[in-house]
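Tertiary structure, described
Each chain is listed here by its residues.
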Amino acid sequence: MKKNFLLLIILFAFYSVNAQSETGDPYQKNNEIKLNLFAPLSGSVEVAFERHLNKRSSLGISTFIVYDQTKNEDMNYNVSPYYRYYFGKKYASGFFVEGFGMFTSIDGKKIYAPDNVTFTENKDVYDLALGAGLGWKLITKKGFVVEANVGYGKLLFNANKTDHDVVAKYGLSIGYRF
């Protein structure tokens, strides 16, 4: 399912390129694809696609998948749609604020045995989260993107079944606007 979802995002991105019309502003391209450079440090990969609605706002979706459970013990994956509002002078760049939702799979609560050394884990917990974030985006005339962002959210339904009740988004991403 994860591979199908990523393939769908990539196909949508390439389809959208053909639907665009040329504009005079070199920064006004409506699609971006980005890769988070911090994610591999935690044994994961994060890819994002963003579609600009106008100069000030955009919609996007990011997918975070853990491939090394020894570095990232709780999170399995998440899919996070978001809305951003930009304050910069260039088209969809500069300082931004975002609101996001997140569908997440987290390891269940660890239950310790009486010896206080061994424990058993409940099954994976699926939950939704809502949160907010902020960041900064730099765009070049050639379409290269550098972005830094942080975000914080709260699990809505099954927080009592996990070891924590919050989610965090952070990253330093590079990408391409087309």
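Below is a summary of the structure that appears in this document. All values reported here derive from a predicted model rather than from experimental measurement. (Residues numbered from 1 in each chain as written. Predicted model: local features only at pLDDT ≥ 70, side-chain atom pairs only at ≥ 80, totals over all residues. Heavy atoms only, no water.)

It is worth spelling out the sheet that holds strand E4 (residues 75–86) at this point. Sheet architecture is closed into a barrel: 8 strands sit in the order E1-E2-E3-E4-E5-E8-E9-E10, paired in antiparallel fashion. With direction set aside, neighbouring strand axes in the sheet form an average angle of 25°. Pairing geometry for E4 and strand E5 (residues 94–106), over 9 bridges, is antiparallel. By the bridge assignment for E5, tyrosine 86 is matched with phenylalanine 96. (Pairing = 2+ DSSP bridges. Helix = DSSP H or I, 4+ residues; strand = E, 2+ residues; numbered from the N terminus. Axes fitted to C-alpha atoms, helices over the stretch in contact; angles between N-to-C directions.)

As a further point, take the environment of histidine 52. Turning to its location among the elements, histidine 52 is positioned in strand E2 (residues 44–52). When its relative accessible area of 3% is taken as the criterion, histidine 52 is described as buried. Residues histidine 52 and arginine 177, spaced 125 residues apart in sequence, show a C-alpha to C-alpha distance of 10.0 Å. (Buried < 20%, exposed > 50% of the residue type's maximum accessible area, 1.4 Å probe, protein only.)

The subject of this paragraph is the environment of leucine 128. Along the chain, leucine 128 falls in strand E8 (residues 125–139). The sequence separation of leucine 128 and asparagine 78 amounts to 50 residues, and the corresponding C-alpha distance is 9.5 Å.

Okay, the packing of aromatic side chains next. Evaluation of the coordinates by the stated rule reveals 7 aromatic pairs. Relative to tyrosine 126, the ring of phenylalanine 103 has its centre 6.2 Å away and its plane inclined at 5°; by these criteria the two rings are stacked. Here the residue phenylalanine 103 occupies a position in strand E5, and tyrosine 126 occupies one in strand E8, the gap between them amounting to 23 residues. Here the aromatic residues Tyr77, Phe103 and Tyr126 are joined through ring pairs into a cluster of three or more. Above the plane of the ring of phenylalanine 100 lies lysine 169, whose end atom (NZ or CZ) is 4.6 Å from the centre. (Phe/Tyr/Trp six-rings, centres within 6.5 Å; stacked < 30°, edge-to-face > 60°. Lys NZ or Arg CZ within 6 Å of the ring centre and 35° of its normal.)

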